[in-house]
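Chain by chain, the residues run as shown.
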Amino acid sequence: MAAIYSLYIINKSGGLIFHKDYGSAGRMDTNDSLRVASLWHSMHAISQQLSPTVGCSGIELLEADTFDLHCFQSLTGTKFFVVCEPGTQHMEGLLKVIYELYTDYVLKNPFYEMEMPIRCELFDINLSQAIQKDRVALLGR
């Protein structure tokens, strides 16, 4: 069973710009993926406003019985979140690697328009390699 179920990237407006499922468990159709992204964006924004901690950046980890959701928000407001098996460790590092891939292969692509869906072959290839490398590292722990 894969440790990572799916990856989502949401733009600062809350629009889903990238989604990829890993493994066959819990696959969602496109509409469900859009709903999850929109709901997470809203929950993240509300948590920032309701937090008693000054300067809170929002929810970083949501733990449920059947999955964990780890989130990383860049300084530009783009959110990267991974849905994975409960108790999966070191997802923060993976999210930062994914963000680096995003900056290297998407933002530096002269044909990419900001806030639009990501369609970049080099990003897909390097993302798959990073996820595979992370899976191998998780099996070794």
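Our structure's up above, just so we're on the same page.
Residues numbered from 1 in each chain as written. Predicted model: local features only at pLDDT ≥ 70, side-chain atom pairs only at ≥ 80, totals over all residues. Heavy atoms only, no water.

Asks: How should the pairing of strand β4 (residues 68–73) be read in this particular structure?
Replies: Note on strand geometry: in a regular strand, side chains alternate between the two faces of the sheet. Burial of β4 is extensive: five of the six residues sit out of reach of the surface. Both strand β3 (residues 61–63) and β4 contribute to a ladder of three bridges, which runs antiparallel. Across the sheet, L61 pairs through a bridge with H70, a residue of β4. Connecting the antiparallel pair β3 and β4 is a turn made up of four residues. The pairing of β4 with strand β5 (residues 79–84) spans six bridges and is classified as antiparallel. By the bridge assignment for β5, Q73 is matched with K79. Between the end of β4 and the start of β5, which pair antiparallel, lie five residues, with G77 showing a positive phi angle near 95°. (Buried < 20%, exposed > 50% of the residue type's maximum accessible area, 1.4 Å probe, protein only. Helix = DSSP H or I, 4+ residues; strand = E, 2+ residues; numbered from the N terminus. Pairing = 2+ DSSP bridges.)

Asks: Mind showing me how you'd approach helix α1 (residues 30–50) here?
Replies: Given 3.6 residues per helical turn, the α-helix brings residues three or four places apart onto the same face. The first and last C-alpha atoms of α1 sit 30 Å apart over 21 residues, in line with the 30 Å expected at 1.5 Å per residue. Every buried residue belonging to α1 is among S33, A37, W40, H41, H44 and S47, and all of these are buried. End-on, the buried residues of α1 take up no more than an arc of 135°, which puts them together on one face. Opposite the packed face of α1, turned more than 90 degrees from it, sit the exposed residues R35, L39, Q49 and L50. Each element contacted by the buried residues of α1 is listed here: β1 (4–10), β2 (16–21), β3, β4 and β5. (Expected span 1.5 Å × (residues − 1). Arc of directions from axis to C-beta. Contact = heavy atoms within 4.5 Å.)

Asks: When you look at unusual backbone geometry in this model, what are you seeing that I'm missing?
Replies: Apart from glycine, the bulk of residues carry a negative phi angle, and the bulk of peptide bonds sit in the trans form. Phi angles above zero are rare outside glycine, and H90 is one such case at about 65°. According to the relative accessible area criterion, H90 is partly exposed, its value standing at 46%.

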